[in-house]
Amino acid sequence: MKTVIIILVLALALPAAAAESAGIESVVVTGSRLHGTSTDIPAHVTIIDRAMLEARQSRDVLDALRSVAGLQVTENGGRGGISSVYLRGAEANFTVVLIDGMRVNDPNNTRGGSFDFSTINLAEVERIEIVRGALSSVYGADALAGVINIITRETSSESKLAIDAELGEDDFYRGSIFLNAAMGRSTQINLTATATDEGDAIEGNSFSSQTMTGRLFSAPGDTVELELSGRYMDSDARAFPEDSGGPQLAVLRNTDRRDQSQLSISGKARWAATGALLLSFDAGYLEHDETYVSAGIAPGVLSGVPPNSSGSDLERTSLGANATLDATDWLQTIIGIDFMDERGRQEGEVELFPGFSLPTDFDLDRDILGLFTELRAAVPAGFLFSASLRHDDPSTHSARTTGRIGVQYQRGDTRLFASWSEGYKLPSFFALGNALVGNPDLRPESSTSWEVGASQSALDGRLDLTIAAFKAEYEDLIDFDFDLFTNINRDKVDTQGFELTATARPAPQIDLTMHVTYVDIDVANSDVTLRQRPEWRGGLSASWDIAPDVTISADWLNVGSTFDSSVPTAGLTLDGYDRVDVEISWRPAEDLRLWLAIDNALDENYQETIGFPALGTRSRLGFRYRF
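Residues numbered from 1 in each chain as written. Predicted model: local features only at pLDDT ≥ 70, side-chain atom pairs only at ≥ 80, totals over all residues. Heavy atoms only, no water.

1. Remarks on the sheet that holds strand β7 (residues 146-152)
To keep things clear, this is the line we draw: By definition, two strands form a pair when at least two bridges between them are found by DSSP. Here a strand is any run of E in DSSP of at least two residues, a helix any run of H or I of at least four, and the numbering for each starts at the N terminus.
The strand order across the open sheet formed by 5 strands is β1-β6-β7-β4-β5, and the pairing between neighbours is mixed. The open sheet is flanked by β1 (45-49) and β5 (102-103), the only strands paired with a single partner. In this sheet, β5 lies alongside strand β4 (residues 95-99) in antiparallel orientation, the contact comprising 2 bridges. Among the inter-strand pairings, Leu98 is bridged to a residue of β5, identified as Arg103.

Here's what the structure looks like:
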């Protein structure tokens, strides 16, 4: 199957003879399989594009996500430790993460399949799309809380070369090379190579990575488009174990070692069979390897964790085909089928006492066959109606049917929207098969979510506001039972709250962006407080062009108090914090940009997890040159 998939995606992307560029209307944003824009989705959608990423000069993708309403980002000190992204208070593994449409969540890991965002380099990103709410009717299993889609650098008809380099305190550096080549009028190809080293700003924490990303696009005729995307990543990370109390409290001073590599390749073909009918085909392959070694955690207020190690491998293949019909000027429909096969393997052990270890091995395989359909009707008088339905038949569990319904009304600069949706998540391979704590009888987790919101543009487009209220119910959540010493389904969690975003341009030289999020979380029949999720968080970003070629930017982030737990302390409430990042950029020539970025400019002393101090003030000096 692996060989077949690779051959197929390569075949889909073979460039053909030069011809006129295809005129296929195929712009698709995350959250729908139908072509359109983000305003055609009755939901709160956030898009961070390349211009925004370059303007802010964030340290990494995690920092870029901190300014998004509804997202809470937590790091164990730095990129070397475990990072978590919570969408509207849901677990980190309840969000499907895509890279160029390819699912990259890892069901082998102990975190239930969450994605490690630290392995993404900003230089390889074209844009990030975030859609909130259950989306299993579009993406199938695992989309309980939403989807984050990372799109790598796109091709263009203009040949160009760009070099980025950045140096910072504590031996920080990162660099990248981006090359785009136009091959006639019909074919373009690009390649991005990156390298990053976080240095030694935090005791025991280190991270380095290298990535290679490429894309090939060909339009051999007016009715055909072919595209191939590929990515390879390799990273090495060191950090104190999660829940150990970190550099400040850990008794054992040996750090964990986590090495990862990932290869993904995907191909797409689109054929406009008629003026109203578009046929699409896609295929993908992903392989993820991880080696993890931990000296464990010494007992404290809570029981310790014995030394453990593991080596895991995930292989995922996918195939899909669909047909989109523009039935009328106001009605679009799509119907399709897809297939995904994934195999997770792990060899590991837990050392209960010196000289005696127990294995944690597993080798599991499953496939899912899915049938889906979606409809969007832009009826007169400003109303838009959308509905999606999907039927999944996993080889390991009972079939699931999920749906989503949305309605939107737009009149002038006012947009009102509401939606209801369902989601489900198959148990991770670790939860099912780990030789010590796995339970093969686990049921899938499920969710139901509601959302209502409004967007308003005013002052001739100089002010834009969006507010969304949401509620979600999660059932059959998987948790570890200490008495039975195994994973079980038991928890029911309800989340509700609201998000507010606003952008303003009070003067031609000034841009302002604000976000506020409130989340209330209730664990049914329990007084348990979920970790690392504040009720309130918000922030303000400002950019001021003080001269035609000089810009000053500042980002303020406020996060309320959070509950967390560690082995040395048990449960504690961590204080809220304010963080300010500053950036000054100078463009002495059209193709040259220099910048000075100061992370945590006010040197705020705070912790996102117990015992792991956040990064203090650090300066970074960089340049970007385009040829």
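After that view of the structure, there is still more to cover.
2. What to know about the pairing of strand β28 (residues 562-566)
When a strand is regular, its side chains alternate between the sheet's two faces. Formally: Whether a residue is buried, partly exposed or exposed follows from its accessible area with a 1.4 Å probe, protein chains only, as a fraction of its type maximum: under 20%, in between, or over 50%, in that order.
Summarising burial for β28: 4 of the 5 residues are buried, a large majority. Pairing between β28 and strand β29 (residues 570-574): 5 bridges, direction antiparallel. In the sheet register, Phe563 faces β29, and the bridge partner there is Thr573.

3. A word on the confidence of the model for the chain
Stated precisely, the cut-off is as follows: pLDDT measures the predictor's confidence residue by residue and takes values from 0 up to 100. Any two residues whose heavy atoms approach within 4.5 Å are treated as being in contact.
On average, the chain scores 92 in pLDDT, and the residues at 70 or more come to 96%. This stretch, residues 1-23, has a pLDDT under 50; its non-local contacts, to residues over four places away or in other chains, come to 59 contacts.

4. Quick word on unusual backbone geometry
One non-glycine residue, Asp170, lies in positive phi territory at about 60 degrees. With a relative accessible area of 35%, Asp170 lands in the partly exposed category. Not every positive phi belongs to a glycine, and Ala570 is a case in point at roughly 65 degrees. By secondary structure assignment, the location of Ala570 is in strand β29. Ala570 sits in the buried class, given a relative accessible area of 16%.

5. What about the environment of Ser619?
If you trace the backbone, Ser619 turns up in strand β34 (residues 618-626). Considering only alpha carbons, one finds Ser619 and Asp170, 449 residues apart in sequence, at a separation of 9.4 Å. Other than its neighbours up to four places away in sequence, Ser619 contacts Leu167, Gly168, Glu169, Leu596, Ala597 and Ile598.

6. As for empty space enclosed by the protein
If a probe as big as a water molecule is rolled over the atoms, it shows which places are left empty. Put simply, the rule is: As defined here, a cavity is a set of points on a 1 Å grid over the protein atoms alone where a 1.4 Å probe fits but cannot get out. A pocket is an open set with protein on both sides within 12 Å along at least five of seven lines, and residues line them when an atom is within 4 Å of a point. Grid points are joined across faces, edges and corners, and a volume is the space filled by probe spheres set on the points. Three residue categories are used. Nonpolar comprises Ala, Val, Leu, Ile, Met, Phe, Trp, Tyr, Cys and Pro, charged comprises Asp, Glu, Lys and Arg, and polar comprises the others, including Gly.
This structure, assessed with the given rule, holds 16 cavities of 30 Å³ or more. Of the volumes computed, that of the largest cavity is approximately 230 Å³. Contributing elements (two or more residues each) for the lining of the largest cavity: β26 (536-547), β27 (550-559), β30 (577-589) and β31 (592-599). Here the residues of the lining of the largest cavity sort into 6 nonpolar, 7 polar and 10 charged. Empty space within the second largest cavity amounts to approximately 170 Å³.

7. Remarks on the pattern of salt bridges
As a reminder, the rule being used: Criterion for a salt bridge: a side-chain nitrogen of Lys or Arg within 4 Å of a carboxyl oxygen of Asp or Glu.
Within the structure shown, the criterion is met by 52 salt bridges. Put simply, Asp116 and Arg258 hold a salt bridge, and the shortest N to O gap is 2.9 Å. Residue Asp116 is found in the loop between β5 and β6 (125-132), and its partner Arg258 is found in strand β13 (residues 256-272); the two are separated by 142 residues along the sequence. Each member of the pair, Asp116 as well as Arg258, carries the same accessibility label: buried. Through salt bridges with shared partners, one network takes in Arg59, Asp60, Asp63, Arg66, Glu75, Arg79, Glu198, Arg579, Asp581, Glu608 and Arg618.

8. A word on the environment of Ile48
In this structure, Ile48 sits in strand β1. Exposure remark for Ile48: the relative accessible area of 7% places this residue in the buried category. Put simply, Ile48 and Ser67 are 19 residues apart on the chain and 10.0 Å apart in space, counted from C-alpha to C-alpha. Leaving out residues up to four positions away in the same chain, Ile48 has contacts with Leu53, Ala64, Leu65, Val68, Glu126, Arg127, Ile128 and Ile130.

9. Examining the packing of aromatic side chains
Remark: the centre distance and the inter-plane angle together describe each pair of aromatic rings, the angle taken between the planes. The condition that has to hold: Side-chain rings of Phe, Tyr and Trp, where Trp is taken by its six-membered ring, are said to pair if the distance between their centres is within 6.5 Å; with planes under 30 degrees apart they count as stacked, over 60 as edge-to-face, and otherwise as tilted. Counted as over-ring charges are cases with an Arg CZ or a Lys NZ within 6 Å of the ring centre that also lie within 35 degrees of the ring normal.
A full pass over the atoms with the stated rule returns 11 aromatic pairs. Centroid distance Phe383 to Tyr409: 4.8 Å. Interplanar angle 50 degrees. Geometry classified as tilted. Pair noted here: Phe383 is in strand β19 (residues 383-394) and Tyr409 is in strand β20 (residues 400-411), with a separation of 26 residues, a long-range link. Chaining the aromatic ring pairs together yields one cluster made of Phe480, Phe482 and Phe485. The ring centre of Phe372 lies 3.9 Å from the NZ or CZ of Arg33, which sits over that ring. The cationic tip of Arg153 hangs over the ring face of Phe178; the distance from NZ or CZ to the ring centre is 3.9 Å.

10. Concerning the environment of Thr396
Defined as follows: Within 3.5 Å is the distance limit for a polar contact, defined as a pair of N or O atoms, with the added protein rule that one can donate a hydrogen and the other accept it, and that residues adjacent in sequence qualify only through two side-chain atoms.
Relative to the helices and strands, Thr396 is located in the loop between β19 and β20. Residue classification places Thr396 among the partly exposed residues on the basis of a relative accessible area of 39%. Taking the C-alpha atoms as reference points, Thr396 and Glu342, 54 residues apart in sequence, are found 12 Å from one another. Among all residues touching Thr396, those that are not within four sequence positions of it are Asp365 and Arg366. A polar contact is formed between the side chain of Thr396 and the side chain of His397, at a distance of 2.9 Å.

11. Here's the deal with the side chain of Glu342
Along the polypeptide, Glu342 turns up in strand β16 (residues 331-353). A distance of 2.8 Å separates a polar atom in the side chain of Glu342 from a polar atom in the side chain of Arg316. Among all residues touching Glu342, those that are not within four sequence positions of it are Pro107, Leu314, Glu315, Arg316, Leu364, Asp365, Arg366 and Phe429.

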